[in-house]
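Analysis of the macromolecular model
Residue-level listing of the chains:
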Amino acid sequence: AQKITQTQPGMFVQEKEAVTLDCTYDTSDQSYGLFWYKQPSSGEMIFLIYQGSYDEQNATEGRYSLNFQKARKSANLVISASQLGDSAMYFCAMREGGGNQGGKLIFGQGTELSVKP
Amino acid sequence: NAGVTQTPKFQVLKTGQSMTLQCAQDMNHEYMSWYRQDPGMGLRLIHYSVGAGITDQGEVPNGYNVSRSTTEDFPLRLLSAAPSQTSVYFCASTRRTDRLGLFFGPGTRLTVL
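A brief look at the structure comes next. Because the structure is a prediction, the values reported are computed rather than measured. (Residues numbered from 1 in each chain as written. Chains lettered and ligands numbered in written order. Predicted model: local features only at pLDDT ≥ 70, side-chain atom pairs only at ≥ 80, totals over all residues. Heavy atoms only, no water.)

In this structure, L21, Y25, W36, I49, L77, Y90 and L113 of chain A are the most contacted members of the largest nonpolar core, which totals 25 residues. Every element with two or more residues in this core is listed here: β2 (10–14), β3 (19–21), β5 (32–39), β6 (46–52), β8 (64–69), β9 (74–79), β10 (88–96) and β12 (111–116) of chain A. Residue contributions to this core peak at four residues, all from β10 of chain A. Setting aside residues no more than four positions away along its own chain, I49 of chain A makes contact with L34, F35, W36, A59, T60, E61, Y64, S65, L66 and L77 of chain A. Ranked by size, the runner-up nonpolar core spans 19 residues in total, among them C23, W34, C91 and V112 of chain B. (Core = buried A, V, L, I, M, F, W, Y, C linked by side-chain atoms within 4.5 Å. Buried < 20%, exposed > 50% of the residue type's maximum accessible area, 1.4 Å probe, protein only. Helix = DSSP H or I, 4+ residues; strand = E, 2+ residues; numbered from the N terminus. Contact = heavy atoms within 4.5 Å.)

Below, the structure is given as structure tokens:
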């Protein structure tokens, strides 16, 4: 069963504008973690932001924020003031259960973001 | 700190050949894992380890073996390569107590002809 769904295969955004990348998840666990990773064309996986299921505040890291709506099971990534260097593939991922679960993550299919000058 | 290192970066194999993808980390992380990345499918977990001598299967383990004799190393073995194993392979590690997810290696691009 698909546990992480990213419905936007590709998106465009104008430089300096904000963009939201969608992510919905499915789990029966009460304790879980949600992650966003960036993969530029060079191929490396870069951690962006983390949200725990019990975190009361939405996570923020610089220009990245996570819009966490627990009841809707969504964890959308918001990038403010887009830059050309933000052009990349973005993956949403989930860790089910408490603790670190052996480092096991479930990934979505990814969204390719292109920032236009 | 080199972080997570993987060798080789690129590899071409013929169907039926075997090989080992190397992975090492110098961060004293307890947990290590292997993922494969295929177009349109995100990353999928192959095998993982929670410590030296302890390994377990992930979502797509068939055709792969792992062992973990030391904390630092977690090699992935392809026993008899098949074209379906053409993919990009990522090794990752993390601390037992770390809620911040995975540190990834740079990846190995494998082509099986």
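Our focus in this paragraph is the state of the cysteines. Here the structure, examined in full by the defined rule, presents two disulfides over all chains. Note that C23 of chain A is cross-linked by a disulfide to C92 of chain A, the S-S spacing being 2.0 Å. Here the S-S torsion is close to -65°, and the disulfide linking C23 of chain A with C92 of chain A is therefore left-handed. Of the two residues, C23 of chain A sits in the loop between β3 and β4 (24–25) while C92 of chain A sits in strand β10, which places them 69 residues apart along the sequence. Take C23 of chain A and C92 of chain A: they sit in the same class, and that class is buried. The residue that forms a disulfide with C23 of chain B is C91 of chain B, at a sulfur-sulfur distance of 1.8 Å. Given an S-S torsion of about -70°, the disulfide between C23 of chain B and C91 of chain B has left-handed geometry. Here the residue C23 of chain B occupies a position in strand β3 (residues 19–25), and C91 of chain B occupies one in strand β9 (residues 87–94), the gap between them amounting to 68 residues. The pair formed by C23 of chain B and C91 of chain B is uniform in burial state, with each residue classed as buried. (Disulfide = S-S within 2.5 Å.)

All quantities given are derived from atomic positions and should not be read as evidence of function.
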